[in-house]
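# Examining the three-dimensional arrangement
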Amino acid sequence: MTRALIVIDVQESFRARPLWETISDPKVAEQANRLVQLARRAGDLVVWVLHSEPGSGDVFDPALGHVRLIDGLERVDGEPLLHKTSHNAFTTTNLQQLLTEHGVREITVCGIRTEQCVETTTRVASDFGYQVTFVTDATATNPIPHRDAPAEQTVAELLADPRTLPADEIIRRTEYALAGRFATIATVDELEAAAAHRA
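Residues numbered from 1 in each chain as written. Predicted model: local features only at pLDDT ≥ 70, side-chain atom pairs only at ≥ 80, totals over all residues. Heavy atoms only, no water.

Attention now goes to the packing of helix α2 (residues 28-42) against helix α7 (residues 188-198). Where α2 meets α7, the axes come as close as 10 Å, and the angle between the chain directions of the two elements is 15 degrees. Taken together, the axes of α2 and α7 lie roughly parallel to each other. Handedness of the α2/α7 crossing: left-handed. Together, Gln 31, Arg 34, Leu 35 and Leu 38 of α2 and Val 188, Asp 189, Leu 191, Glu 192 and Ala 195 of α7 make up the contact between the two elements. Partitioning the contact of α2 with α7 into residue classes produces five nonpolar, one polar and three charged. (Axes fitted to C-alpha atoms, helices over the stretch in contact; angles between N-to-C directions. Helix = DSSP H or I, 4+ residues; strand = E, 2+ residues; numbered from the N terminus. Parallel < 35°, antiparallel > 145°, perpendicular 65-115°, else oblique. Left-handed = near helix turned anticlockwise from the far one by under 90°. Contact = heavy atoms within 4.5 Å. Nonpolar A, V, L, I, M, F, W, Y, C, P; charged D, E, K, R; others polar.)

Set out below in structure tokens:
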């Protein structure tokens, strides 16, 4: 086993936030699930990663019950489930040790927060020497408010503010930042086609 799929933060915590209505792809779990099925058929390792902030009292606090896979995703026996407290999936987990134990050299990443948790995991993985594929249409994110926007800005105010960075622009910029330097950019359809060709 030299390849692994890392599914990052596709969790109910995000659906419990008001910002969910602005998510770039509400069906991101379906895209992630296509990758999971592809990985399982190929015999690749599937690693699930959830973000957790114990004691925070918000949607990332495990005590509130939202730190679980989005409904429709299902982990099977033998697939590791890691809980991280940093943006990237390596720093506060044993992910690198796990990948080393399985002989993994190539990883595919997908998940929620295209430009944050998925991107930082990609960059760290690249620094560790992994060959990384960033599956852009199996990620999702929200618009980013301007740095001078009020901290308690409502969703309506966020969307009405012309300084807000739209989600599609965030995804485009993330692709530009990663492509060729930290990762290969791919789509779910492209990976499915490649797998069918190998078969």
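Next comes the rest of the description.
With that out of the way, let us pick up the layout of surface pockets. Gaps between atoms show up when a probe of the same size as a water molecule is rolled over them. The space that makes up the largest pocket amounts to roughly 480 Å³. Lining the largest pocket are 22 residues; nearest its centre among them are Arg 3, Asp 44, Thr 108, Leu 191 and Arg 198. At the level of secondary structure, the elements contributing two or more residues to the lining of the largest pocket comprise β1 (3-8), α2, β4 (106-112), β5 (131-140), β6 (184-186) and α7. Residue contributions to the lining of the largest pocket peak at five residues, all from α2. Looking at side-chain class alone, the lining of the largest pocket contains 13 nonpolar, four polar and five charged residues. In terms of lining residues, the second largest pocket is bounded by 15 residues, among which Leu 19, Pro 145, Ala 151, Gln 153 and Leu 158 are the most central. Per-class residue counts for the lining of the second largest pocket are ten nonpolar, three polar and two charged. (1 Å grid on protein atoms, 1.4 Å probe; cavity = no way out; pocket = protein on both sides within 12 Å on 5 of 7 lines; lining within 4 Å. Points joined across faces, edges and corners; volume = space filled by probe spheres on them.)

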